[in-house]
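Structural description and commentary
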Amino acid sequence: MENIFDLVVIGSGPAGYVGAIRASQLGLKVAIVEKYNTLGGTCLNVGCIPSKALLQSSEKFYSAKRHFAEHGISFQNLKYDFSQMQNRKSDVVKQLTTGINYLMNKNDVTIFTGSASFETENFIKIEYEGKTQLINAKNVMIATGSKPIELPFMKFDKDVILSSTEALSLSDVPESMAVIGAGVIGLELGSVYSRLGCDVTVLDASESILSVMDKDLRAEGQKLLQSQGLRFSLGVSVKSCQVSEGVAYIGFEDSESNLKTLAAQKVLVAVGRKPNTDGLSLENASVELNARGQVIIDDQFRTSQSNIFAVGDCVPGPMLAHKAEEEAIICAEIIAGHKAKMNYATIPGVVYTHPEIASVGLTEQELTASGKDFNIGKFSFKANGRAIAMGETEGFVKIIADKVTDRVLGVHIIGPNASELIAEAAIALEFSSSAEDLAKSVHAHPTLSEVLKEAALDVNKLSLHK
Ligand code: FAD
Ligand code: NAI
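This is a predicted model, so every value here is computed, not measured. (Residues numbered from 1 in each chain as written. Chains lettered and ligands numbered in written order. Predicted model: local features only at pLDDT ≥ 70, side-chain atom pairs only at ≥ 80, totals over all residues. Heavy atoms only, no water.)

**Some points on the environment of A358**
Applied cut-off: Going along the chain from the N terminus, every DSSP run of H or I of four or more residues is numbered as a helix, and every run of E of two or more is numbered as a strand. Remark: exposure states derive from per-residue accessible area (1.4 Å probe, protein chains only) relative to the maximum for the residue type, with buried under 20%, exposed over 50%, and partly exposed in between. Throughout, a residue-residue contact means that at least one pair of heavy atoms, one from each residue, lies within 4.5 Å.
Relative to the helices and strands, A358 is located in strand β19 (residues 356-361). Since its relative accessible area comes to 0%, A358 is described here as buried. Along the primary structure A358 and P348 are separated by 10 residues, whereas in three dimensions their C-alpha atoms are 7.0 Å apart. With sequence-adjacent residues up to four places away left out, A358 is seen in contact with M213, L217, G349, V350, V411, H412, I413, A418, S419 and I422.

In structure tokens:
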């Protein structure tokens with residue numbers, strides 16, 4: 001029968017499409033079901049890629065305005081065309097989502113468009129424009145991702161009160177924006193609009209931005225973003241929101257319990273995301289969820305139903321595209337009968353502000369809480385030849401290593417190209433390197449990566465240029 005598959009993948013984000021490719025490479029007959037007309041999920045359509053396109057465009061404008069003069073480049077009437085920035089963003093998204101169709105075809109993955117749900121553990125119902133079909137699945141990979149969390153008193157109206165999806169597609173730059181949540185989305189999209197002249201205020205219940213990152217990164221990040229014009233109100237309790245004549249009035253209690261009101265043309269609510277698990281009729285397949293609505297899995301990605309697996313944002317763990325991809329690769333290998341296991345200790349996290357902020361491994365506060373003895377090495381981009389030549393000297397690299405064994409436990413970077421530099425640190429963790437291993441590796445000169453080498457030397461107080 002035509003519609004019998006070894007594996008049906010539900011969702012075509014970084015988890016789903018990558019899992020489908022790997023399973024097909026391993027000889028399985030694979031189908032992928034996506035409810036939207038374009039493949040690629042949140043990441044490609046309304047997440048990683050469009051946000052990075054707008055970050056790039058806005059950063060070019062900001063850099064031209066603030067920094068080109070020091071390089072001897074001057075402009076008259078420097079201005080931006082926001083609709084062109086949006087058009088470019090859409091082209092970038094289109095190029096990549098079309099690329100996923102190409103990859104599915106190349107790997108013989110059958111694409112079904114429609115909303116999938118479980119009829120039984122082996123039958124998937126697909127509904128699209130009033131039509132229904134059933135396909136038979138020996139195994140299923142649930143990769144349905146996540147969606148923005150809504151605040152009960154601040155429902156998304158998609159005009160004034162926005163989720164990240166609408167904030168990525170505004171037709172004009174607003175005069176003012178309130179961002180609820182100083183997490184990754186709040187800082188990235190807040191940066192985009194602030195760079196383009198919008199008055200951005202970020203409110204967060206937590207006392208610091210990026211509350212799970214290393215404390216030194218948080219402090220430096222806040223200082224640098226403030227110097228670029230972002231305003232922060234931290235440790236607040238947001239209480240209410242009223243929209244009147246296109247303006248939102250946000251009532252909140254500040255950290256000293258004073259009641260305040262903030263008026264803004266747009267409000268971006270970025271207080272986290274929740275798993276996309278409604279509408280799958282999981283009860284028909286006896287697949288269980290935890291209290292947060294995430295699919296419960298074991299360390300082999302197997303749900304409470306033995307032929308059904310789940311990966312990516314809809315299961316516990318950090319909501320990151322590369323985490324989703326790696327889980328899907330390993331899950332496909334397990335379904336194909338291979339032995340595989342995910343290493344969660346070496347997943348880097350990057351915030352694409354300027355400068356970028358990137359981390360892998362454990363933070364200083366986690367290590368202190370665990371009672372482990374450690375050494376810290378730190379080195380600033382201020383003393384690096386390449387950074388000085390680039391005019392990008394803000395930030396530092398911090399390396400934390402075990403006091404006894406010198407094994408690298410965590411690397412935290414704020415500075416130019418931190419998103420690329422963190423790859424070396426992730427490999428160091430994956431290979432259980434010592435700080436000495438990193439320090440003895442020859443790094444090309446002049447490069448930003450020499451800051452990593454110097455920070456590694458500094459772990460044992462051997463830094464050369466400090
Ligand atoms: P998703 O990408 O959400 O894909 C799930 C897919 O399943 C969707 O296409 C959905 O339509 C489909 N689906 C759901 N239910 C059904 C159903 N019943 N039937 C059929 N199809 C269904 N992460 C990073 O690592 N780096 C970044 O720079 C980054 N930037 C981000 C920026 C923003 C603004 C946002 C919102 C997120 C960002 N993320 C980033 C997070 C990243 O997008 C997610 O971690 C990633 O997309 C998760 O992949 P996934 O495949 O699990 O889910
Ligand atoms: P987040 O978890 O990063 O940040 C949410 C913030 O909102 C936290 O600082 C929290 O203290 C605050 N908050 C929660 N409830 C609040 C309330 N009621 N009032 C005020 N503040 C409140 O979530 P975010 O930014 O929405 O991103 C969602 C996910 O998307 C993240 O898990 C992230 O991993 C992923 N993402 C990743 C990116 C990257 O890798 N560069 C970029 C964007 C998103």
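**Things to note about the sheet that holds strand β13 (residues 247-253)**
Strand pairing in a sheet relies on backbone hydrogen bonds, with the paired strands running either antiparallel or parallel. The criterion, for reference: Should DSSP find at least two bridges between two strands, the strands are regarded as paired. Each axis is a line fitted through C-alpha atoms, taken for helices only over the stretch in contact, and angles between the N-to-C directions span 0 to 180 degrees.
Strand order in the open sheet formed by 3 strands is β12-β13-β14, and the pairing between neighbours is antiparallel. In this open sheet, the two strands that pair with only one neighbour each are β12 (237-244) and β14 (259-264). Neighbour-to-neighbour, the strand axes of the sheet open up by a mean angle of 20 degrees, direction not taken into account. In this structure, β12 lies alongside β13, joined through 7 bridges in antiparallel fashion. By the bridge assignment for β13, S244 is matched with V247.

**Some words on unusual backbone geometry**
In this structure, P355 follows H354 across a cis peptide bond, with omega equal to -5 degrees. By the secondary structure assignment, P355 is in the loop between β18 (349-351) and β19. For the peptide bond that leads from H445 to P446, omega is -5 degrees, which places it in the cis range. Locating P446 in the fold gives a position in the loop between α12 (435-440) and α13 (450-459). In this structure, L210 takes a positive phi of about 40 degrees despite not being glycine. On the secondary structure map, L210 appears in the loop between β10 (199-204) and α7 (215-227).

**Notes on the pairing of strand β1 (residues 4-10)**
Note the following rule: With its strands directed away from the observer, a crossover is right-handed exactly when the path from the first strand over the helix to the second travels clockwise.
For β1, the tally of buried residues reaches 6 of 7 residues, placing the bulk of the element in the interior. Where β1 lies against strand β6 (residues 131-142), 6 bridges are found, and the strand directions are parallel. When the sheet's bridge partners are listed, V9 is paired in β6 with M141. Pairing of β1 with strand β2 (residues 30-34) involves 4 bridges; the strand directions are parallel. From the neighbouring strand, L7 faces β2, where its bridge partner is V30. In this view, the connection linking β1 to its parallel neighbour β2 by way of helix α1 (residues 14-25) has right-handed handedness.

**Here's the deal with the site of ligand 1**
Condition: Proximity criterion: a residue is near a molecule or strand once any of its heavy atoms comes within 4 Å of it. The term polar contact refers here to a pair of N or O atoms within 3.5 Å; inside protein, the definition further demands a hydrogen-donor-capable atom paired with an acceptor-capable atom, and it admits residues adjacent in sequence only when both atoms are side-chain atoms. All accessible areas in this document rest on Shrake-Rupley with a 1.4 Å probe, and a residue is counted as covered only by the protein chains that are shown. Each residue gets one label: Ala, Val, Leu, Ile, Met, Phe, Trp, Tyr, Cys and Pro are nonpolar, Asp, Glu, Lys and Arg are charged, and the others, such as Gly, are polar.
Neighbouring ligand 1 are 37 residues, the closest being E34, T42, K52, A116 and A321. The separation between an oxygen atom of ligand 1 and a polar main-chain atom of P14 is 3.3 Å. A distance of 3.0 Å separates an oxygen atom of ligand 1 from a polar backbone atom of A15. Within the complex, the protein chains bury 94% of what would otherwise be the 1000 Å² of accessible surface of ligand 1. When contributions to the shell around ligand 1 are tallied by element, the ones reaching two or more residues are α1, β2, α2 (41-46), α3 (48-66), β4 (115-118) and α8 (321-335). Sort the elements by how many residues they give to the shell around ligand 1 and α2 lands first, with 4 residues. Here the residues of the shell around ligand 1 sort into 17 nonpolar, 15 polar and 5 charged.

**Side note on the domain arrangement of the protein**
Note on interface size: it is often stated as the accessible area lost on association of the parts. Test applied: How far each domain reaches was decided by an automatic or database domain assignment. Summed over both partners, the accessible surface that disappears when two parts come together, traced with a 1.4 Å probe, is what is meant by buried area. Think of a salt bridge as a Lys or Arg side-chain nitrogen and an Asp or Glu carboxyl oxygen that are within 4 Å of each other.
In terms of domain boundaries, the protein breaks down into domain 1 (4-148 + 274-342), domain 2 (161-271) and domain 3 (346-459). Summed over both partners, the interface of domain 1 with domain 3 buries about 590 Å², with 68% contributed by carbon and sulfur atoms. Of all residues in domain 1, K52, E59 and H322 bury the most surface against domain 3, accounting for 45% of the area lost on that side. At the boundary of domain 1 and domain 3, one finds 0 salt bridges. Counting across the domain 1 and domain 3 interface gives 2 residue pairs in polar contact (both at pLDDT 80 or more).

**Focus: the nonpolar core**
Which entries qualify depends on this criterion: To qualify as a nonpolar core, a set must consist of buried Ala, Val, Leu, Ile, Met, Phe, Trp, Tyr and Cys residues joined through side-chain atoms within 4.5 Å.
Counting residues in hydrophobic clusters, the biggest one holds 35 residues, and the most contacted among them are M177, Y193, V200, I209 and F232. For this core, the secondary structure elements donating two or more residues are α3, α4 (82-106), β9 (176-180), α6 (184-195), β10, α7 and β11 (231-234). In this view, I209 contacts A182, L187, R218, G221, Q222, L225, F232 and L234; residues no more than four positions away in its chain are not counted. Counting residues in hydrophobic clusters, the runner-up holds 33 residues, among them L44, A321, A324 and A332.

**Some remarks on the packing of aromatic side chains**
Going by this rule: Any two of the Phe, Tyr and Trp rings considered here, Trp counted by its six-membered ring, make a pair once their centres fall within 6.5 Å; the pair's planes then place it as stacked at under 30 degrees, edge-to-face at over 60, or tilted in between. Definition used: whenever NZ (Lys) or CZ (Arg) falls within 6 Å of the ring centre and also within 35 degrees of the ring normal, the charge is taken to sit over that ring.
The full count for this structure, using the stated rule, is 4 aromatic pairs. Here the aromatic rings of F61 and Y80 are separated by 5.0 Å at their centres, their planes lie at 85 degrees, and the arrangement is edge-to-face. With F61 in helix α3 and Y80 in the loop between α3 and α4, this pair connects stretches of sequence that are 19 residues apart. Note on Y80: relative accessible area 28%, which makes it partly exposed. The aromatic ring of F396 is capped on one face by K378, whose charged end is 4.5 Å from the ring centroid.

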